[in-house]
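This is what each chain is made of:
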Amino acid sequence: MGLTFLSSGSNAPIKPSRPKPLPRRPLIALAGNPNTGKSTLFNALTGLRQHTGNWPGKTVLKATGTYYYRDKKFLLVDLPGTYSLLAKSADEEVARDFICFGHPDAIVVVTDATSLERNLNLVLQVMEISPQVVVCVNLMDEARRRKMRVDVEALSRELGVPCIPTAARNGVGLEELKEAIYNVATGKITPSPRLVTYAPEVEQAAAELAAQIRPYLPRRVNHRWVALRLLEGDYSIVEAICGHQDEESEKAARREVAAWAR
Ligand SMILES: Nc1nc2c(ncn2[C@@H]2O[C@H](COP(=O)(O)OP(=O)(O)OP(=O)(O)O)[C@@H](O)[C@H]2O)c(=O)[nH]1
Ligand SMILES: [Mg+2]
C-alpha cells in the first residue's frame, strides 16, 4: 500500500500553548528499536537508580526509575525495544499496551541517527496512537564519525514533534531532551504529528469503523488507530481493550511505577 504524509494540523506543526498543571509525578515512556541507546539514556537520566519488575499480568521485565527536572520528579519507564507496535511478539504487545492504555504524559522514541529511515517506522506508529511524542535522535556522535549529517530541525518540522539530538553515552543533549519532555508533558507545546494516510477506501472504512466502535472503547483510547488494527485483522487489540476497560489500569500502572521508584 502506498503511503503519503498528511499534515494533521496547522502550518506551524509545533504550537506553543498554555501550560496545563503537571501531574504530581509525570509518567514518561521510553520506546525505540533495539540497540538505540534506551538503557544508556535511562541510566544517564536516572543515575543508575533503576528497578526492574513484572508489570501486572505480564512476564516481560521493564526498567523503571526517576529523575528530577525543574524541581519535579519524573517517572521513567523503559519499554522493551521493538521494531513495531503490531503486537506480533510479547515485547511488542507490552510496548503497545503501555503506550495505548498507560497514558504516559510523554513518549520519548529513541532513534539511531545512523539508521533513521528504519527507526522512523516506529516513530510513525507511536504518533498514530498519541501526539505526546518527543523523538530523541541518539548516537549523533556515531553519525558524525561516519560523516552523516542529520538535519534535526527539518526532521522536527516534517514530523510535527520535537526532535532532540543526543549522544547519550557522552551525556550530550540530555538537558535539551529533559526540557522537551517537560514542555510536552506540561502541554507548554502541543505537538501536531503528521499522520500516515492510507488509500482512500482504507481511510473511509477506518472512519466508519471508528465511529461504530467509539462507544465501546475507553475514553482516551485512539479510535482511528484501533479501527486500523481491526481492519488489519489484529484482534489481539480486542483482548487488550477488554483488559483495560476502565481508568483503573492507568492508575494501577502509575501506582506501581511510583512504588518501584520510591
Ligand atoms: N557511540 C554511541 N554509542 C552509544 C550511545 N548510546 C548508546 N550507545 C551504545 O549503544 C549500545 C546499545 O546501547 P543500549 O543502551 O544497550 O541500547 P538499548 O536501546 O537499551 O538496547 P536494547 O535493550 O537491546 O533495546 C551500547 O554499546 C551503548 O554503549 C551514543 O550516544 N553514542
Ligand atoms: Mg536496553
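Residues numbered from 1 in each chain as written. Chains lettered and ligands numbered in written order. Predicted model: local features only at pLDDT ≥ 70, side-chain atom pairs only at ≥ 80, totals over all residues.

If you check an unreviewed UniProt entry, the protein chain appears there as Ferrous iron transport protein from Thermacetogenium phaeum.

## Quick look at the overall build of the protein chain
Tallying secondary structure elements over the protein chain gives ten helices and eleven strands in all. Counting only residues that meet the buried cut, the protein chain has 40% of its 262 residues in that class. In the protein chain, the share of contacts with a sequence separation of at least 24, taken over all contacts with a separation of at least 6, comes to 71%. (Helix = DSSP H or I, 4+ residues; strand = E, 2+ residues; numbered from the N terminus. Buried ≥ 20, exposed ≤ 12 C-beta atoms within 10 Å, placed from the backbone. Contact = placed C-beta atoms within 7 Å.)

## Some thoughts on unusual backbone geometry
In this structure, Asp-71 is a non-glycine residue whose phi angle is positive, near 60°. Relative to the elements of secondary structure, Asp-71 occurs in the loop between β5 (61-69) and β6 (72-78). On the basis of neighbour counts, which here come to 5 C-beta atoms within 10 Å, the residue Asp-71 falls in the exposed class.

## Digging into the site of ligand 1
Close contacts around ligand 1 come from 16 residues, with Gly-37, Lys-38, Ser-39, Thr-40 and Gly-81 the closest. In terms of residue count, the dominant contributor to the shell around ligand 1 is helix α1 (residues 38-46) (three residues). Here the residues of the shell around ligand 1 are counted per class, giving four nonpolar, eight polar and four charged. (Near = placed C-beta within 6 Å. Nonpolar A, V, L, I, M, F, W, Y, C, P; charged D, E, K, R; others polar.)

## Some points on helix α6 (residues 174-186)
Helix length check: α6, at 13 residues, gives a terminal C-alpha distance of 18 Å against a target of 18 Å (1.5 Å per residue), a fit within 8%. For α6, the set of buried residues is Leu-177, Ala-180, Ile-181, Tyr-182, Asn-183, Val-184, Ala-185 and Thr-186. Positioned one or two residues after α6, Gly-187 has a phi angle of 80°, which is positive. (Expected span 1.5 Å × (residues − 1).)

## A few points about the packing of helix α7 (residues 200-213) against helix α8 (residues 223-231)
As a packed pair, α7 and α8 sit with axes 8 Å apart at the nearest point and diverge in direction by 115°. Between α7 and α8, the angle is such that the two are roughly perpendicular. In this structure, α7 meets α8 at a crossing whose hand is right-handed. Residue-level inspection shows Val-202, Ala-205, Ala-206, Leu-209, Ala-210 and Ile-213 of α7 in contact with α8, the latter providing His-223, Arg-224, Val-226, Ala-227, Leu-228, Leu-230 and Leu-231. Taken together, the residues of the contact of α7 with α8 sort by class into eleven nonpolar, one polar and one charged. (Axes fitted to C-alpha atoms, helices over the stretch in contact; angles between N-to-C directions. Parallel < 35°, antiparallel > 145°, perpendicular 65-115°, else oblique. Left-handed = near helix turned anticlockwise from the far one by under 90°.)

## Quick word on α8
Because the α-helix completes a turn every 3.6 residues, residues three or four places apart line up on one side. Inspection of α8 places Trp-225, Val-226, Ala-227, Leu-228 and Arg-229 among the buried residues, and these make up the whole buried set. Looking at the buried residues of α8, the elements they touch are α3 (116-129), α7 and α9 (236-242). Trailing α8 by a residue or two, Gly-233 shows a phi angle of about 85°, which is positive.

## Overview of the nonpolar core
Val-108, Val-109, Val-126 and Val-134 are the most contacted members of the largest nonpolar core, which has 60 residues in total. Ignoring anything within four residues of it in the chain, the contact list for Val-109 reads Ala-31, Gly-32, Leu-122, Val-123, Val-126, Val-133, Val-135 and Cys-136. (Core = buried A, V, L, I, M, F, W, Y, C linked by C-beta atoms within 7 Å.)

## Looking at the confidence of the model for the protein chain
On average, residues of the protein chain score 82 in pLDDT, and 77% of them reach the 70 mark or higher. Across residues 1-12, where pLDDT falls below 50, the model places 17 contacts with residues more than four positions away in sequence or in other chains. The low-confidence segment residues 49-60 (pLDDT under 50) makes 27 contacts with residues lying over four places distant or belonging to another chain. Both scores are given for the predicted complex: the pTM is 0.84, the ipTM 0.99. (pLDDT = per-residue confidence, 0-100.)

## As for the pairing of strand β8 (residues 133-138)
Counting buried positions along β8 yields six of six residues, so the element is predominantly enclosed. Two elements, strand β7 (residues 106-112) and β8, share six bridges in a ladder whose sense is parallel. Following the sheet pairing, Val-110 is matched in β8 by Cys-136. Read from β7 through α3 to β8, the crossover connection turns out right-handed. (Pairing = 2+ DSSP bridges. Right-handed = clockwise from strand over helix to strand, strands pointing away.)

## Overview of the environment of Asp-151
Checked against the element boundaries, Asp-151 lands in the loop between α4 (140-145) and α5 (152-159). Separated by twelve residues in sequence, Asp-151 and Cys-163 place their C-alpha atoms 9.9 Å apart.

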